[in-house]
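So the chains spell out like this:
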Amino acid sequence: MIYLLLTWLAAPWLWWRAARHQPGPSRRILVIQTAKIGDFVATTPVFRALRQRLPQAEIVALLHPVNLPLAAGLDSIDRCIALPPGGFKGWAGKRWLLAQLADGYDGVLVLSPNLTTLLAPFWAGIAQRVSVLPDRRQGSARLAWPFLTHGEAHVAGCLFRETALRALAGLGIAVDDALLTLSNEVPCTAGGEAKRQALFAACAGPFIGIGLGAGNRMKALDAAQLRTLAGRLVEQSAATLILIGTAADQPGAAELLALLPPGRAIDTTGQWSLSELPSLLAALDCFVGVDSGATYMADALGVPVVDFMGPADAGDQRPTGARAVVIRSAEPCAPCSHAFDAPYRCHLGTRACIVAAPLEAMVRAVCQRLEQ
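Criteria and thresholds
- Residues numbered from 1 in each chain as written.
- Predicted model: local features only at pLDDT ≥ 70, side-chain atom pairs only at ≥ 80, totals over all residues.
- Heavy atoms only, no water.
- Pairing = 2+ DSSP bridges.
- Helix = DSSP H or I, 4+ residues; strand = E, 2+ residues; numbered from the N terminus.
- Axes fitted to C-alpha atoms, helices over the stretch in contact; angles between N-to-C directions.
- Buried < 20%, exposed > 50% of the residue type's maximum accessible area, 1.4 Å probe, protein only.
- Phe/Tyr/Trp six-rings, centres within 6.5 Å; stacked < 30°, edge-to-face > 60°.
- Lys NZ or Arg CZ within 6 Å of the ring centre and 35° of its normal.
- Expected span 1.5 Å × (residues − 1).
- Bend = angle between axes of the 7 residues up to and from the residue.
- Contact = heavy atoms within 4.5 Å.
- Parallel < 35°, antiparallel > 145°, perpendicular 65-115°, else oblique.
- Left-handed = near helix turned anticlockwise from the far one by under 90°.
- Core = buried A, V, L, I, M, F, W, Y, C linked by side-chain atoms within 4.5 Å.

Peer 1: Provide a residue-level description of the sheet that holds strand S7 (residues 207–211), including the pertinent values.
Peer 2: Spatially, six strands are ordered S9-S8-S7-S10-S11-S12 in an open sheet, and the strand pairing comes out parallel. Each having just a single partner strand, strand S9 (265–267) and strand S12 (325–327) make up the two edges of the open sheet. Direction aside, neighbouring strands of the sheet carry axes that sit 15 degrees apart on average. In terms of strand pairing, strand S11 (residues 305–308) meets S12 through three bridges, oriented parallel.

So, in structure tokens, the structure goes:
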């Protein structure tokens, strides 16, 4: 709160200094997007829109470190900056961000708003200070909104990716249907392609990917549910199951392999880096899982996905591919996880939406995708 108070006290001088840098042709734009994989994938159209509409500008992305391997393969991003381990906490974190902003930016677009990311561009005298504005958990950050040159309010029921794209108006970009319908993208790498060919060389399709986990474990199915889901898919299809997850999902994958008929499943958990994973996902005939980074990556690659949202708000964010099936929880407490309010613990302590996950509906949807 002290930073906000000091900013208001110094506001007349800061506004005068910022006014000296009148907006002109945007030569350098910084996009602050510090959310994790699924959120990053859902906002890749923002970077592509910037590249298309400002082809001469340098597009720099300040990202959560987990997303650097994906961002490195996108030609819409010229340079990436990794969020430091401590984030923007304390004066050290704010001074670090100020040092980045001193690198000569014409505009800053904030997709991960908090008090620091809203104030620092004003402190640095950036001419175009643009941010999406949260519809939840605004707190004292709301008092920093006047320091922006443009704020794009997020509205419940509107996809966050659309709010982020509309915010580009603050950088002088015309927001039209062509921009709003840009698709998500993730890159495949040569290393990933070679690894995929080696994996599938002796395997028979079709292939169903099963996402075993989620970055937010509150969304993840439990071991018994995964056993039921995998077992029913084996019974109702001739597909080979591809078990997908991180090293944390390896014990669960080993349990599934021991229970399923020999040759009906392949464990890839913890064996594919994030930069390689798109190549694996692109080879699937369908992907089924909960609302996770892998789900959004598969959807961006055009793979048919079946996504059980659980606690996540499909109004804020969901797979948008033409062949995506989004299954929402029927529990009265869902959704409780939103774009600007994503708890990591169930407030009821029961995870009711996950416990009551409609596994049979998920299986039917996968089988329908395979038939199509």
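Okay, back to it.
Peer 1: Explain unusual backbone geometry to me, and be specific about the residues and the numbers.
Peer 2: Note that the residue after alanine 334, namely proline 335, is joined by a cis bond; omega there is 0 degrees. Residue position: proline 335 is located in the loop between S12 and helix H14 (352–355). Even without being glycine, arginine 351 reaches a positive phi, approximately 50 degrees. For arginine 351, the position within the fold is in the loop between S12 and H14. Classification of arginine 351 by relative accessible area gives partly exposed; the value is 23%.

Peer 1: Mind laying out the packing of aromatic side chains, listing which residues take part and the relevant values?
Peer 2: Applying the stated criterion across every chain, the model contains 11 aromatic pairs. Considering the side-chain rings of phenylalanine 40 and phenylalanine 47, the 6.1 Å spacing of their centres and the 50 degrees angle between planes classify their relative orientation as tilted. Exposure remark for phenylalanine 40: the relative accessible area of 1% places this residue in the buried category. By relative accessible area, phenylalanine 47 is classed as buried at 0%. Pairwise contacts between aromatic rings join Trp8, Trp15, Phe122 and Phe147 into one cluster. Between the NZ or CZ atom of arginine 28 and the centre of the ring of tyrosine 105, over which it lies, the distance is 5.2 Å.

Peer 1: Describe in detail helix H1 (residues 2–19), supporting the description with residues and values.
Peer 2: Under the 1.5 Å per step criterion, the end-to-end length of H1 is 24 Å for 18 residues, consistent within 8% with the ideal 26 Å. Along its length, H1 shows its largest kink, about 65 degrees, at alanine 11, and proline proline 12 lies within four residues downstream of that point. All of the buried residues in H1 are Leu4, Thr7, Ala11, Leu14 and Ala18. Where H1 is buried, its residues contact helix H6 (115–123) and strand S5 (128–133).

Peer 1: I'd love a proper account of the packing of helix H5 (residues 90–101) against H6, names of residues and values included.
Peer 2: Put simply, H5 and H6 touch, their axes get as near as 10 Å, and they point 50 degrees apart. Taken together, the axes of H5 and H6 lie oblique to each other. When the axes of H5 and H6 are compared, the crossing they make is right-handed. Listed contacts from H6 to Lys94, Leu97, Leu98 and Leu101 of H5 are Thr116, Thr117, Ala120, Pro121 and Trp123.

Peer 1: Lay out the nonpolar core in plain terms, naming residues and giving numbers.
Peer 2: Residues Leu50, Leu109, Leu168, Phe287 and Met297 are the most contacted members of the largest nonpolar core, which totals 56 residues. Element by element, the count of residues in this core is highest for helix H13 (residues 293–300), at five residues. Core analysis: the next-biggest nonpolar cluster, separate from the first, contains 34 residues, Ile208, Ile210, Ala253 and Ala265 among them.

Without other data, these values stay purely geometric and don't point to any function.
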